[in-house]
Every structure is written in C-alpha cells, then in structure tokens.
Amino acid sequence: MMNKKLKETHVNPHLSVAPKKIRANSCKLVVPKNISDGSRKLAVKYGSKEIEYNLIHVKRKTMEIAVHPDSTVVVKAPLQSDITLIERKIIKRARWILRQLNYFNQFNPKTPDRCYVSGETHLYLGKQYRLKLSEGPENCVKLSRGFFYVTCQNKPTPDITKKLLNQWYLKKAQIQFAQSMDRCWMKFNNLGISKPKLSIKQMQKRWGSLSSRGTVTLNTNLVKASKECIDYVVTHELCHLKHNNHSPEFYELLNSVIPSWEKIKHKLELSMV
Ligand SMILES: [Zn+2]
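Below you will find a few notes about this structure.

Rules of the game
- Residues numbered from 1 in each chain as written.
- Predicted model: local features only at pLDDT ≥ 70, side-chain atom pairs only at ≥ 80, totals over all residues.
- Helix = DSSP H or I, 4+ residues; strand = E, 2+ residues; numbered from the N terminus.
- Buried ≥ 20, exposed ≤ 12 C-beta atoms within 10 Å, placed from the backbone.
- Contact = placed C-beta atoms within 7 Å.
- Pairing = 2+ DSSP bridges.
- Axes fitted to C-alpha atoms, helices over the stretch in contact; angles between N-to-C directions.
- Core = buried A, V, L, I, M, F, W, Y, C linked by C-beta atoms within 7 Å.

1. A few points about the overall build of the protein chain
Next, step 1: Summing up its helical and strand segments, the protein chain has six helices and 12 strands in all.
Next, step 2: A buried classification covers 26% of the 273 residues belonging to the protein chain.
Next, step 3: Taking as baseline every contact in the protein chain between residues at least 6 positions apart, the subset at least 24 positions apart corresponds to 52%.

What follows is the structure, encoded as structure tokens:
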C-alpha cells in the first residue's frame, strides 16, 4: 500500500549527479540536459489545468513528487501503486506543483529552440533582452535598454540573425571572460602557479574545462550567464590547476576562494536550462 506521507522535494537533477570516474583534468561542470530515464509520460487534470508528469515505479515505500528546473514533474511511486491513487496524490499536491513550476518558469522563459524573430528574448550576462530586427545600412548588433537591436543589410532572416548574434556573443565572451579571468586570478597568483591561457569555444556539454597544458576553455554560451556565474566557472577551473580532480582538497580550495559557490552553481543551472 502506498504510504500516506508525500515527500516533496525541490531538486535540481544536475546537482545530484553521481560523480562518474573522473579522469585527470576532466571536470563536471556540465551544461544541464533534459533527463531521460525511461519513465512514462502521463497527465492529470487539475481544474482547467493539466499537470504533465513522468511516472517511475521504483522499489520504495513512499511516493515522491519532484519538480525539476527544466519544468518536468517526476513522480516516483512504489511498484504496486494504483494509478488512481497516484493521481489523487498528485491532485492533492497540485497547488504546490504549480507553484514550483511557476517559480522555475521565471528562470526559464525562453523556448528550447530559438526562432530568432522580433520579440523573442535572449540572454546576456544573466539578463533578458528582447530581439528587435530591422533593415539598415550595415549588419550589426546593439544592446540598449532591454533590447537586442539586430540590423541587417538585407531583410532580416532567422539564419542571418542567428549568425550575427553568435558573432556578437563570441566578441563579448572574449572581453567578459578575459575580465573574469583577471578578477579570479587575483586569488590564485600567490599559489605559485602560472596564469593559464584562455580559450573560448562552443561546447555542448560543458561550461568549462582545463587542459593538461593549463589552458582554460570556456563555453561561449557562458556569456549568457551573470558575471558571478562566469567567475564561479573560471574559479572552478583555476582550482584544478592546483588539484587535478574533485578531491576534498579541491573543494577546500574552492570553498576558501568562493564560500558561496554552491548557491552560484545552482543559479547557473537554473538560469541556463
Ligand atoms: Zn571540475
């Protein structure tokens, strides 16, 4: 039988990733991805709303409902539990679920696939800017008063807009990441290690990495996150110069340099889902 107690969790799946075997110089600063765990996709009606959820039957005594930052609701139920009972429990907690979804949506106002059309919002340094496309004498991107003004020589198309925006992001990333490196390096220059080189590239799965030659590589998309988040990623990589792993000594150093790193990591994961 299902236990009456309903455990509410408010988890970020990316915070609780079990550490895989870590190679030297490899790093777990992963870009959040949607979970895929073979669960069943279901939905339950609540008033005029429909709550979609992923149901997983697991060997456990209590039912657990979790709302993830990517707006998925995951219900873990005991192996034998009846679907009507599960639905009843979900409905009982519907207000809480909707509140969590609402909370996460504020960090997640963007659609997964960008269309590069006027009105759509894009991020820069943790803030949202609305796209305004127009035709003009030259191709350019300007940021002003909450808007990304993209001017195209020809009629603006999503392809051209995307290309111009990406070029703009790369240019800004070079400036912002270099500044971040300077800020963060101040806390490391007395550790007897030499300042690493900085490289920037589009990466699918990582915010940052450190090569065995001591080059810090940052994901261009990181420039969409706040300066605080950029500094956190840079600092994490700089800590690897001293400790080539995620050992307790590594975390000791990270804690001493940014005591609130966990909070910042959480922010980064929420804002960039
Ligand atoms: Zn790492």
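This is not the end of the story, as more comes after the structure.
2. Some words on the pairing of strand S12 (residues 215-219)
Next, step 1: Alignment of strand S10 (residues 197-201) against S12, held across five bridges, turns out to be parallel. If you follow Lys-201 over to S12, its bridge partner there is Asn-219.
Next, step 2: Sheet topology places strand S11 (residues 208-210) next to S12; three bridges connect them, and they run antiparallel. Within S12, the position partnered with Leu-210 by the bridge is Val-216.
Next, step 3: Where S11 folds back onto S12 in an antiparallel hairpin, the turn is made up of four residues, including Gly-214, whose phi is positive at roughly 85°.

3. A word on the sheet that holds S10
Next, step 1: The three strands lie next to each other as S10-S12-S11, forming an open sheet whose pairing is mixed. Strands at the two margins of the open sheet, each flanked by one partner only, are S10 and S11. On average, adjacent strands in this sheet sit at an angle of 20° to one another, irrespective of strand direction.
Next, step 2: Along the sheet, helix H3 (residues 158-185) makes contact with S10 and S12, crossing S10 at roughly 150°.
Next, step 3: Against the sheet, helix H4 (residues 227-242) touches S11 and S12, its axis set at about 15° to S11.

4. A short note on unusual backbone geometry
Next, step 1: Positive phi values are uncommon outside glycine, yet Tyr-116 reaches one of about 55°.
Next, step 2: You can call Tyr-116 buried: it has 20 C-beta atoms within 10 Å.
Next, step 3: Within the chain, Arg-145 stands out as a residue other than glycine whose phi angle is a positive 45°.
Next, step 4: Tracing the sequence through the fold places Arg-145 in the loop between strand S8 (140-144) and strand S9 (147-152).

5. A short note on the sheet that holds S9
Next, step 1: Taken together, four strands build an open sheet; the order of strands is S6-S7-S9-S8 and the sheet is mixed. At either end of the open sheet lies a strand with only one pairing partner, and these are strand S6 (121-124) and S8. Direction aside, the axes of adjacent strands within the sheet are offset by 35° on average.
Next, step 2: Pairing between S6 and strand S7 (residues 127-135): four bridges, direction antiparallel. By the bridge assignment, Leu-123 is partnered in S7 with Gln-128.
Next, step 3: The strands touched by H3 within the sheet are S6, S7, S8 and S9, with S9 carrying the most contacts at an inclination of about 120°.

6. Considerations on the pairing of S8
Next, step 1: Pairing of S8 with S9 involves five bridges; the strand directions are antiparallel. Note on S9: the bridge partner recorded for Ser-144 is Phe-147.
Next, step 2: Count of turn residues in the S8/S9 antiparallel hairpin: two residues, of which Arg-145 carries a positive phi of about 45°.

7. Let's talk about the nonpolar core
Next, step 1: Formed by 24 residues in total, the largest nonpolar core has its most connected members in Leu-218, Leu-222, Cys-229, Ile-230, Tyr-232, Val-233 and Val-234.
Next, step 2: Listed by contribution, the elements that provide at least two residues to this core are H3, S12, H4, helix H5 (248-257) and helix H6 (261-271).
Next, step 3: The greatest single-element share of this core, amounting to seven residues, is contributed by H4.
Next, step 4: Not counting residues within four places of it along the chain, the set of residues in contact with Ile-230 comprises Gln-176, Phe-177, Ser-180, Leu-222 and Ala-225.
Next, step 5: Counting 13 residues, the second-largest nonpolar core is a separate cluster that includes Met-63, Ala-77, Ile-86 and Ile-90.

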